[in-house]
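Topology and contacts: notes
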Amino acid sequence: MKIKVKSKKYIFINTKFITLDNALKLAGIVETGGQAKLLIKDGLIKVNNEVCTMRGKKLYPSSIFEYENIKYEVLKNEN
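What this report covers is the structure whose coordinates are included nearby. Keep in mind it's a predicted model, so treat the numbers as computed, not measured.

**Here's the deal with the packing of aromatic side chains**
Within this structure, the stated rule accounts for 2 aromatic pairs. When the centroid spacing of 5.0 Å and the interplanar angle of 10° are considered together, the rings of Phe 65 and Tyr 72 count as stacked. For the pair formed by Phe 65 and Tyr 72, the shared burial category is buried. The ring centre of Phe 17 lies 4.7 Å from the NZ or CZ of Lys 58, which sits over that ring.

What follows is the structure, encoded as structure tokens:
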């Protein structure tokens, strides 16, 4: 029996929210907004455990998005 182990990473923001496409760039998943758009449009990104196809989806601190079994949690930068 195979057990999927999901890794978790964190991204830190200095603003009230970040859009999903920008979060993908900040996390290093993609380099450009065009690449982010394709991943999102193809339904490859989950936000809070649901597939999200909205490029401009607002992610707030404690939001979690997922790509290729890696979860990324958005946290507020306290500096």
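Right, picking up where we left off after that structure.
**Observations regarding unusual backbone geometry**
One non-glycine residue with positive phi stands out, namely Ser 62, at about 90°. Position of Ser 62 relative to the elements: it lies in the loop between strand S5 (58-59) and strand S6 (64-67). One non-glycine residue, Glu 68, lies in the positive phi region at around 50°. Looking at where Glu 68 falls in the secondary structure, it is placed in the loop between S6 and strand S7 (70-76). The class of Glu 68 is exposed, set by a relative accessible area of 59%.

Reading the values: rules and limits
- Chains are numbered independently. Their residues run from 1 in the order of the written sequence.
- Whole-chain, interface and lining totals are the exception, using all residues; otherwise, since this is a predicted model, local features are given only for residues with pLDDT of at least 70 and side-chain atom pairs are given and counted only at 80 or more.
- Hydrogens and water molecules were not included; the side-chain quantities draw on all heavy atoms of the structure.
- Each Phe, Tyr or Trp ring (for Trp, its six-membered ring) is paired with any other whose centre lies within 6.5 Å, and the angle between the two planes then decides the class: stacked below 30 degrees, edge-to-face above 60, tilted in between.
- Only protein chains enter the calculation, and the probe is 1.4 Å; a residue is then buried if its accessible area is under 20% of its type maximum, exposed if over 50%, and partly exposed in between.
- Each ring is checked for a lysine NZ or an arginine CZ that lies within 6 Å of its centre and within 35 degrees of its normal; such an atom marks a charge sitting over the ring.
- A run of DSSP states H or I qualifies as a helix once it reaches four residues; a run of E qualifies as a strand once it reaches two. Both are numbered from the N-terminal end.

Note that all results are geometric; they support no functional claim without further evidence.
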